[in-house]
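# Structure assessment
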Amino acid sequence: MRILWRNCHITTMANGQYNLIEDAALLTEGGKIAWVGPYSQRPDLPYDEERDLHGKLVTPGLIDCHTHSVFGGNRSQEFEMRLNGATYADIAAAGGGIASTVKATRQASEADLLKSAGRRINALRKDGVTTLEVKSGYGLSFEDERKMLRVIRQLAQNLPLTIYSTCLAAHALPPEYKDRSDDFITEVCENWLPALHNEGLVDAVDAFCEHLAFSVPQVERVFMKAHELGLPIKLHAEQLSLLHGAGLAARHNALSADHLEYLCEDDIVLMAGHGTTAVLLPGAFYFLRETQKPPVSLLRKHHVPMAISSDLNPGTSPVQSLRLMMNMACTLFGLTPEEALAGVTLNAARALGISDKAGSLEAGKEANFVAWEIEHPAELSYWLGGSLSKQVIYQGKEVWND
């Protein structure tokens, strides 16, 4: 079906810039964009239908490129304990921290996880998200990681948005492997990743490189196995300390390195040279009340693309609004509203390795876009909270209107 979407203004985000087109139109053919430009220059073709967008501002559909949306339980009580003065050791002694999420996720059925994750993802959809990445990493046993990945695939089948599945088995050391982290990495590499990949459950592989998680040599073993399986890689790096995980990720041609508060310039140069996108996660920075900011000026200096994501997870970033992350990226990290919008569109697509088909409004790309009842794209970073009136179009079909 060929549809002309007219009476709108369009910011295409081609090359990561607004490229604002006044009095614009967009032609979709099935689930693809056939043409975009000024209405006066529309193609002389027959249309099956014309849709009036009533002067709205059209952007690409938003892309949330780093989430942990599937998990059991929540950690609101732990949040309250911290605010009442409990230390990390106190919380851990009470069974809190990631161990509590692992326990709750293991106890939850696939149906339970599907239902709770669906609610969270619908909140993101309501905010204009049409593409989402979801990681495993709270099961930490083969069957429970498999369960999480199966749920991610079911979510992709049930909901009108594109969902990519990332295996984050190397997220934390499970209790069964206490003081045996090398043995755990061996198990992940030799058994889990090949089996999960053979079942078609994995689109990419991630790991957590940090002093409280896994070392650079251990992460490199995971990367080597991912390469052997033909899977792209990503990495949680430099969130709490400088271990040069981002440099390792870049040398292995990772799609992205994420968090990056302690990132150094030498590793930024490597990221620039290998095309590795920087994913900034202001929600975790805010929620943990951190003070070390990612080096945005150095990322700009070396032209490393900066993506922004919610990092939706129960422990450090219980975020259900990607637009709020755009505001925080501006107010906390100093990005411009244009950089923030690029961070949740074209650069987020780069972080997922899909910039050839998503992230900007250009002919040949997926027909995923949002028509917002606003006057300028900076408003997406300006308004705090609430829900902006919008129409969400996914693969050429309207899937949300409020």
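Residues numbered from 1 in each chain as written. Predicted model: local features only at pLDDT ≥ 70, side-chain atom pairs only at ≥ 80, totals over all residues. Heavy atoms only, no water.

So the rule is basically this: UniProt positions are given in the numbering used here, feature names are shortened, and annotations may be inferred rather than shown by experiment.
Going by the annotation in an unreviewed UniProt entry, the name recorded for the chain is Imidazolonepropionase, with Cedecea neteri given as the source organism. Under the heading Catalytic activity (unreviewed entry), UniProt records this for the chain: "4-imidazolone-5-propanoate + H2O = N-formimidoyl-L-glutamate". Under the UniProt heading Subcellular location (unreviewed entry), the note attached to the chain is "Cytoplasm".

## With respect to the side chain of Ser381
For clarity, the cut-off: What counts as a helix is a DSSP run of H or I of at least four residues, what counts as a strand is a run of E of at least two, and both are numbered from the N terminus. Buried means the residue's accessible area, taken with a 1.4 Å probe over protein chains only, is under 20% of the maximum for its type, while exposed means over 50%, and partly exposed covers the values in between. Only heavy atoms matter for contacts: two residues are in contact if any of them lie within 4.5 Å across the pair.
Along the polypeptide, Ser381 turns up in helix 15 (residues 379–382). On the basis of relative accessibility, which here comes to 5%, the residue Ser381 falls in the buried class. Here Ser381 is in contact with Met326, Asn327, Cys330, Pro337 and Ala340, once residues within four sequence places are set aside.

## What to know about the packing of aromatic side chains
In this description, a pair of aromatic rings is defined by centroid distance and the angle of the planes. Applied cut-off: Within 6.5 Å between ring centres, the rings of Phe, Tyr and Trp (the latter by its six-membered ring) count as paired, and their orientation is classed by plane angle as stacked under 30 degrees, edge-to-face over 60, tilted in between. Criterion for a charge above a ring: Lys NZ or Arg CZ within 6 Å of the ring centre, and within 35 degrees of the ring normal.
Within the structure shown, the criterion is met by eight aromatic pairs. Measuring from centroid to centroid gives 5.4 Å for Trp5 and Phe369, while their planes differ by 85°, and the two rings are edge-to-face. Remark: Phe369 occurs in strand 13 (residues 369–372) and Trp5 occurs in strand 1 (residues 2–11); sequence separation between them is 364 residues. We note that Trp5, like Phe369, is buried. Taken together, the ring pairs connect Tyr177, Phe184, Trp192 and Phe214 into an aromatic cluster. A cation sits over an aromatic face here: Arg42 above Tyr39, 4.0 Å from the ring centre. Stacked on the ring of Phe71, the Lys or Arg Arg120 has its end atom at 3.7 Å from the ring centre.

## So, the sheet that holds strand 13
The test is simple: For two strands to count as paired, DSSP must find a minimum of two bridges between them. Lines fitted to the C-alpha atoms define the axes, with helices restricted to the stretch that makes contact. Angles between their N-to-C directions range from 0 to 180 degrees.
With mixed pairing, the seven strands of this open sheet are ordered in space as 3-2-1-4-13-14-15. Two strands lie at the open edges of the sheet, namely strand 3 (32–38) and strand 15 (397–401), each paired on one side alone. Sheet twist, expressed as the average angle between the axes of neighbouring strands with direction ignored, equals 35°. Pairing geometry for strand 2 (residues 20–29) and strand 3, over six bridges, is antiparallel. The partner of Ala25 across the bridge, within strand 3, is Gly37. Strands in contact with helix 4 (residues 110–126) are strand 14 (390–394) and strand 15; relative to strand 15, the strand with the most contacts, it is inclined by about 100°.

## Points about the pattern of salt bridges
Short version of the rule: Whenever Lys or Arg places a side-chain nitrogen within 4 Å of a carboxyl oxygen from Asp or Glu, that contact is recorded as a salt bridge.
All told, the structure shown has 23 salt bridges when counted by the stated rule. A salt bridge links Arg75 to Glu78; its shortest N-O distance comes to 3.2 Å. In this structure, Lys365 and Glu362 form a salt bridge, with 3.5 Å as the shortest nitrogen-oxygen distance. The network of salt bridges with common partners includes Arg106, Asp144, Lys147 and Glu176.

## Quick word on the pairing of strand 1
Taken across its 10 residues, strand 1 has seven buried, putting it largely inside the fold. Relative to strand 2, strand 1 runs antiparallel, the two sharing seven bridges. Note that in strand 2 the partner of Cys8 across the bridge is Ala24. With seven bridges joining them, strand 1 and strand 4 (residues 49–60) adopt parallel strand pairing. Looking at strand 4, one finds that Leu4 is bridged to Glu50.

## Concerning the environment of Asp48
Going by this rule: Contacts described as polar in this section are N or O atom pairs within 3.5 Å, which, within protein, must combine one atom able to donate a hydrogen with one able to accept it, while residues neighboring in sequence count only if both atoms come from side chains.
For Asp48, the position within the fold is in the loop between strand 3 and strand 4. Residues Asp48 and Val151 lie 103 residues apart in sequence; the distance between their C-alpha atoms is 37 Å. Not counting residues up to four positions away in its chain, the partners in contact with Asp48 are Met1 and Arg2. A distance of 2.6 Å separates a polar atom in the side chain of Asp48 from the backbone nitrogen of Arg2.

## Here we look at the sheet that holds strand 10 (residues 256–259)
Spatial strand order, 5-6-7-8-9-10-11-12: eight strands in an open sheet with parallel pairing. Of all strands in the sheet, those with a lone pairing partner are strand 5 (62–64) and strand 12 (306–308), marking the two edges. Neighbour-to-neighbour, the strand axes of the sheet open up by a mean angle of 25°, direction not taken into account. With three bridges joining them, strand 5 and strand 6 (residues 129–135) adopt parallel strand pairing. In the sheet register, Ile63 faces strand 6, and the bridge partner there is Thr131. Along the sheet, helix 5 (residues 142–158) makes contact with strand 6 and strand 7 (162–170), crossing strand 7 at roughly 170°.

## Side note on helix 7 (residues 216–229)
Put simply, the test is: Take the number of residues in a helix, subtract one, and multiply by 1.5 Å to get its expected span. The arc in question is traced by the directions running from the helix axis to the C-beta atoms.
Helix length check: helix 7, at 14 residues, gives a terminal C-alpha distance of 20 Å against a target of 20 Å (1.5 Å per residue), a fit within 8%. Of all the positions in helix 7, only Gln218, Val219, Val222, Phe223, Lys225 and Ala226 are classed as buried. For helix 7, the angular spread of the buried residues around the axis is 160°, confining them to a single face. Exposed residues pointing more than 90 degrees away from the buried face of helix 7 are listed as Pro217 and Glu228.

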